[in-house]
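Listed here are the chains, written in short residue letters.
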Amino acid sequence: MSLYPSLEDMKVDQMAKAQVQANAQAAAIQAPPQYPTQAAPQYPTQAAPQYPTQAQAQAPMPVAQFSLYPSLTDYMGLSLTPEEVRANMPQVLEPPPSQAVVPRPPGTVVAAPITGSNNMGVMRSEIKQGVRQLVCCKDASGKIGLRVRHVNKGVFVAFVHKDSPAALAGLRFGDQILQINDEVVAGWEMDKTMKYLKKCPPNGIVFAVRDRPFERTITMQKDSSNHIGFVFKNGKITAIAKDTSAARNGVLIEHQLIEVNGQNVVGLKDKEIAEIIGAGSQTVTITIMPSYVYNHIVKNMSDSLVKKMMDHSIPDL
């Protein structure tokens, strides 16, 4: 079973498969008939039937070319140029009659005819399963550049200072810290965690981290008006437009925008977030978190600190 970054990818892939199957069936129906090699029987009362010569039998017959779908240039509000179709959806293009249909390789998990298999926003936004290890140090001031918050007996990253050791190590807003220097932090509160970090040596601070368990990613496609179909205020999604990519792909209100194409947008003004979305490609991947969890994580944190000093760099792959 295939997985798709967005509903639009799924629909276009299904259309492409149906088109290829229809062309294959049309070619099979009009294939040259196979005749027996034995001599034709002689009938006394009627003339012998006329069979085509060997050259005529081997001559290719024209295959009717038709399309199940008239055009993909304006599908579901998307503007797909022939160049984009050729680059990302070669299976949509009708193969010539003599070209065999090549099956998809086994083991394919993700099909992304619109998004593309190497979309940087999708890859940067990916929430990985499992636990990863990060090694951090302290700067000249003896700081890591990190603040945490306890939620449901877990410790979560609430703030990463820009250009700090924590940012360079790869810690992200919403990461769950499981262990620090072999000390399991389950059940620790914010104050205990911060005091422990202050006592850590300046080098070789080892974190065991689970990747953003309260967050999820949604990939969408811009329409011909460069819109994806949701409204947000102070980073919180407040409305979903009907018949848009946001509605089709399951964007929900009462959720906070955390990242756009993998870039942290916590603390940015709505205008700045809109500019990041608008400047991106046709495919947009957002990372969201339920508002009640977000509000708890950033509770009692200075707005000016988050807006001015939060790390908003684009993560490296």
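Residues numbered from 1 in each chain as written. Predicted model: local features only at pLDDT ≥ 70, side-chain atom pairs only at ≥ 80, totals over all residues. Heavy atoms only, no water.

A. Inspection of the overall build of the chain at higher detail. Helix and strand counts for the chain come out as ten helices and twelve strands. Here the chain, with 317 residues, has 38% of them falling under the buried criterion. When contacts within the chain are restricted to residue pairs at least 6 apart in sequence, long-range pairs at least 24 apart make up 73% of them. Put simply, the chain shows about 18500 Å² of open surface, and 55% of that area lies on carbon and sulfur atoms. (Helix = DSSP H or I, 4+ residues; strand = E, 2+ residues; numbered from the N terminus. Buried < 20%, exposed > 50% of the residue type's maximum accessible area, 1.4 Å probe, protein only. Contact = heavy atoms within 4.5 Å. Areas by Shrake-Rupley, 256 points an atom, 1.4 Å probe, with all protein chains shown as cover.)

B. Seen up close, the pattern of salt bridges. Taken as a whole and assessed by the stated rule, the structure comprises eight salt bridges. Between aspartate 211 and arginine 132 there is a salt bridge, with its nearest N and O atoms 3.7 Å apart. Residue aspartate 211 is found in the loop between β6 (205-210) and β7 (216-221), and its partner arginine 132 is found in strand β1 (residues 131-136); the two are separated by 79 residues along the sequence. By sharing partners, the salt bridges in this structure join Arg132, Arg172, Asp175, Asp211, Arg212 and Glu259 into a single network. (Salt bridge = Lys/Arg side-chain N within 4 Å of Asp/Glu carboxyl O.)

C. Main features of the nonpolar core. Core analysis: the largest hydrophobic core is formed by 20 residues, its most contacted members being Ile144, Leu146, Val160, Leu171, Ile177, Ile180 and Phe207. In this view, leucine 171 contacts Arg132, Leu134, Leu146, Val157, Val160, Ala166 and Val209; residues no more than four positions away in its chain are not counted. Core analysis: the second largest hydrophobic core is formed by 17 residues, Ala246, Val251, Leu268 and Val284 among them. (Core = buried A, V, L, I, M, F, W, Y, C linked by side-chain atoms within 4.5 Å.)

D. Representation of the packing of aromatic side chains within the structure. According to the stated counting rule, one finds four aromatic pairs in the structure shown. With 5.0 Å between their ring centres and 40 degrees between their planes, phenylalanine 156 and phenylalanine 214 make a pair best called tilted. Placement of phenylalanine 156 in strand β3 (residues 154-160) and of phenylalanine 214 in the loop between β6 and β7 is noted, with a sequence separation of 58 residues between them. On the accessibility criterion, phenylalanine 214 (27% relative accessible area) is partly exposed. Here the aromatic rings of phenylalanine 230 and phenylalanine 232 are separated by 5.9 Å at their centres, their planes lie at 45 degrees, and the arrangement is tilted. For the pair shown, phenylalanine 230 and phenylalanine 232 are each scored as buried. (Phe/Tyr/Trp six-rings, centres within 6.5 Å; stacked < 30°, edge-to-face > 60°.)

E. Focus on unusual backbone geometry. The residue asparagine 234 is not glycine, and still its phi comes out positive at about 55 degrees. Within the element layout of this structure, asparagine 234 appears in the loop between β8 (230-233) and β9 (236-240). Classification of asparagine 234 by relative accessible area gives exposed; the value is 63%.

F. Representation of the pairing of strand β2 (residues 146-151). Here β2 runs beside β3; their pairing, made up of six bridges, is antiparallel. When the sheet's bridge partners are listed, valine 148 is paired in β3 with valine 157. What sits between β2 and β3 in their antiparallel hairpin is a turn of two residues, with asparagine 152 showing a positive phi close to 50 degrees. (Pairing = 2+ DSSP bridges.)

G. Looking closely at a positive patch on the surface. Side chains of Lys143, Arg147, Lys195, Lys198 and Lys199 sit close together on the surface and give a patch of like positive charge. Of note, lysine 198 is situated in helix α6 (residues 190-199). A relative accessible area of 68% places lysine 198 in the exposed class. (Patch = residues over 30% accessible without salt bridge, like charges linked within 9 Å, V, L, I, M, F, W, Y side chains within 5 Å. Lys, Arg positive; Asp, Glu negative; His and termini not counted. Charge placed at Lys NZ, Arg CZ, Asp CG, Glu CD.)

H. Inspection of helix α1 (residues 7-29) at higher detail. Here α1 is 23 residues long and its end C-alpha atoms lie 33 Å apart, about the 33 Å a rise of 1.5 Å per residue gives. Residues of α1 that are buried include every one of Glu8, Asp9, Val12, Asp13, Met15, Ala16, Gln19, Ala22, Asn23 and Ala26, and no others. In this structure, the buried residues of α1 make contact with β7 and α7 (245-248). (Expected span 1.5 Å × (residues − 1).)

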